[in-house]
Amino acid sequence: MKRILGGILSIVIAGYTVAPLRAATDAAEAIAIRITPVVASIDNLPIPVKGSDGLFHLVYEVNIVNVTNETATLNRLDVVDARSGHTLASLDASQIAQRLSVASSRTSTTADLGPSQMGILYLHVLVHGAQAIPASLKHELTVTLKGQSLAETIAPAAVRPPTTLVLAPPLKGRRYVAGDGCCDSIRHVRATLPINGQLFDGQRFAIDWEQLDAQGRIRVGDSKTPESYVIYGQPVYAAANATVVAAVDGMPNSPPGALPANMRADEADGNHVVLDLGHGNYALYAHLAPHSLMVKPGQRVREGQMLGRVGTSGNSSEPHLHFQVSNGPLPLASNGVPYVLRQFTASQRVTSTAAFDKATEDGQPIAVEPLDGPSRHADVLPLDLSIVDFTH
Ligand SMILES: [Zn+2]
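Being a predicted model, the structure only gives us computed values, none of them experimental.

*Asks:* Can you help me understand the overall build of the chain in this one?
*Replies:* Helix and strand counts for the chain stand at three helices and 30 strands. In summary, the chain has a C-alpha radius of gyration of 23 Å against a globular reference of 21 Å for 392 residues, a match within 12%. Principal-axis analysis of the C-alpha atoms gives the chain an extent of 75 × 40 × 40 Å. The burial tally for the chain puts 50% of its 392 residues in the buried class. Intrachain contacts of the chain at a sequence separation of at least 6 include 68% that bridge at least 24 residues. Total accessible area on the chain stands at roughly 17,400 Å², and carbon and sulfur atoms take up 52% of it.

Quick look at the structure:
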């Protein structure tokens, strides 16, 4: 087929060619070729999960690179259903800044990417109902470079089917708090790590479970004593029939009050169990109590079987259960995937992560607020700071 290069036009901003170049062939197959100041990609396609608010949540990251030698400001981003053209979410510059991680910092005060700088934009898109989940997404970005605004379409991405991974609760009993849970908690959702030459976010859907006593306290008594924390020593249970792929014990509890210094990456999970749930899904139970493990690698376990007890070993600042599911047997070198819990009750939530941290530090009753809607939940993911009973 005869190809004709037609209508070549370039605009130069301070020596940087930005747009548009047009390589036209037959009119029907004309493809617009545009030089763009930022490029972007999505390493992990979103897997929607139904949350305890009844909505579907898409949690994913867009890696954005400014390929110019000027500062690029990300002024606006629209997340668009690629098929219908319907806009699902819109972020202005300040909202982009709140979701942007640059230069190894999990937070940013601006929506700027410096010359040749990469940023990770952590997105959380809400969808009302399974029928409304898009088959694919695209992202319409407005960038300002040397005072000129440019529109780009970046990061086209298929959306994977909603998760069908239904698990039993990893704990039993009442008043558990889903700390740093889905979908915007910085400490887990933004825990992207460069490992073996690749970015991984194993903690994307992790929860740090704490437990409250009847007065709403995370701990009763001395803050430096692991046993003061209400959750300390609680049994943890297999969330499904599974095979144990890792069972590490013998590490001491880390002194409560602060994260340990100089913790090696391979010791971060402390005493822990990894279960192979099948279909490429692996569950991690981290920071377990010393000498509490009851399983060995290679062992088959049944749903509800006790694995060990909650502790504070490894990279842990107070007793809690870190529970996550990811797509590989190495918790740090794999990517977090969503799941739902078969049944639980929740009628309140902690008011904020700051309130959660305060109650951990001062031992006073935690600040709570009511949750809207029915308190009984089935086949949904408990959202951040929910206060959950596992009594079924
Ligand atoms: Zn954690």
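Next comes the rest of the description.
*Asks:* Would you mind showing me how to read the state of the cysteines here?
*Replies:* Tallying each qualifying case throughout the model produces one disulfide. Disulfide partner of Cys 182: Cys 183, at an S-S distance of 1.9 Å. For the disulfide bridge between Cys 182 and Cys 183, the dihedral angle about the S-S bond is near 90°, and by the sign convention the bridge is right-handed. The pair formed by Cys 182 and Cys 183 is uniform in burial state, with each residue classed as buried.

*Asks:* Would you mind going over the environment of Pro 329 with me for this structure?
*Replies:* Along the polypeptide, Pro 329 turns up in the loop between β26 (321-326) and β27 (340-350). Looking at Pro 329, the relative accessible area reads 42%, which means it is partly exposed. Separated by 45 residues in sequence, Pro 329 and Leu 284 place their C-alpha atoms 8.8 Å apart. Excluding residues within four positions of it along the chain, Pro 329 makes contact with Val 245, Val 274 and Tyr 282.

*Asks:* Can you help me understand the packing of aromatic side chains in this one?
*Replies:* The description of an aromatic ring pair rests on the distance of the ring centres and on the angle between the ring planes. Scanning all chains against the criterion turns up four aromatic pairs. Ring geometry for Trp 209 and Phe 390: centres 5.4 Å apart, planes at 70°, overall edge-to-face. Of this pair, Trp 209 sits in strand β19 (residues 207-211) while Phe 390 sits in strand β30 (residues 386-390), and the two are 181 residues apart along the sequence. Given a relative accessible area of 0%, Trp 209 falls into the buried group. On the numbers, 5.6 Å between centres and 85° between planes, the contact of Phe 323 with Tyr 339 is edge-to-face. With a gap of 16 residues between them, Phe 323 in strand β26 and Tyr 339 in the loop between β26 and β27 connect regions that are remote in the sequence. For Phe 323, a relative accessible area of 0% puts it in the buried group. Sitting over the face of the ring of Tyr 237, Lys 172 holds its NZ or CZ atom 4.2 Å from the ring centroid.

*Asks:* Before we go on, may I ask you to explain the pattern of salt bridges in this structure?
*Replies:* Two side chains carrying opposite charge are able to pair once their charged atoms lie near each other. Under the criterion given, the structure shown has 14 salt bridges. Its salt-bridge partner being Asp 389, residue Arg 174 comes within 3.4 Å of it at the nearest N-O pair. Of this pair, Arg 174 sits in strand β16 (residues 173-179) while Asp 389 is found in strand β30, placing the two residues 215 residues apart along the sequence. Of the charged contacts, one joins Arg 264 and Asp 266 as a salt bridge, the two residues approaching to 3.0 Å between their closest N and O atoms. Residue class for Asp 266 comes out exposed when judged on its relative accessible area of 58%. One connected set of salt bridges, linked through shared partners, spans Glu 61, Asp 201 and Arg 204.

*Asks:* How should I be thinking about the pairing of β30 in this particular structure?
*Replies:* Looking down a regular strand, the side chains alternate between one sheet face and the other. Counting buried residues in β30 gives five out of five residues, a clear majority hidden from the surface. Both β16 and β30 contribute to a ladder of three bridges, which runs antiparallel. Bridging from a neighbouring strand, Tyr 176 pairs with Val 388 of β30. Taken together, the four bridges between β27 and β30 define a ladder with antiparallel strand orientation. For Thr 345, the partnering residue across the bridge sits in β30 and is Asp 389.

*Asks:* Explanation requested: the pairing of strand β9 (residues 87-92) in the structure shown.
*Replies:* Pairing of strand β8 (residues 72-81) with β9 involves five bridges; the strand directions are antiparallel. Pairing of Arg 76 across the sheet is with Asp 92, part of β9. With antiparallel pairing between neighbouring strands as the criterion, β8 and β9 make up a hairpin whose turn holds five residues, including Gly 85 at a positive phi of roughly 80°.

Here is what the cut-offs are and how they apply
Residues numbered from 1 in each chain as written. Predicted model: local features only at pLDDT ≥ 70, side-chain atom pairs only at ≥ 80, totals over all residues. Heavy atoms only, no water. Helix = DSSP H or I, 4+ residues; strand = E, 2+ residues; numbered from the N terminus. Rg over C-alpha atoms; globule rule 2.2 N^0.38 Å. Buried < 20%, exposed > 50% of the residue type's maximum accessible area, 1.4 Å probe, protein only. Contact = heavy atoms within 4.5 Å. Areas by Shrake-Rupley, 256 points an atom, 1.4 Å probe, with all protein chains shown as cover. Disulfide = S-S within 2.5 Å. Phe/Tyr/Trp six-rings, centres within 6.5 Å; stacked < 30°, edge-to-face > 60°. Lys NZ or Arg CZ within 6 Å of the ring centre and 35° of its normal. Salt bridge = Lys/Arg side-chain N within 4 Å of Asp/Glu carboxyl O. Pairing = 2+ DSSP bridges.

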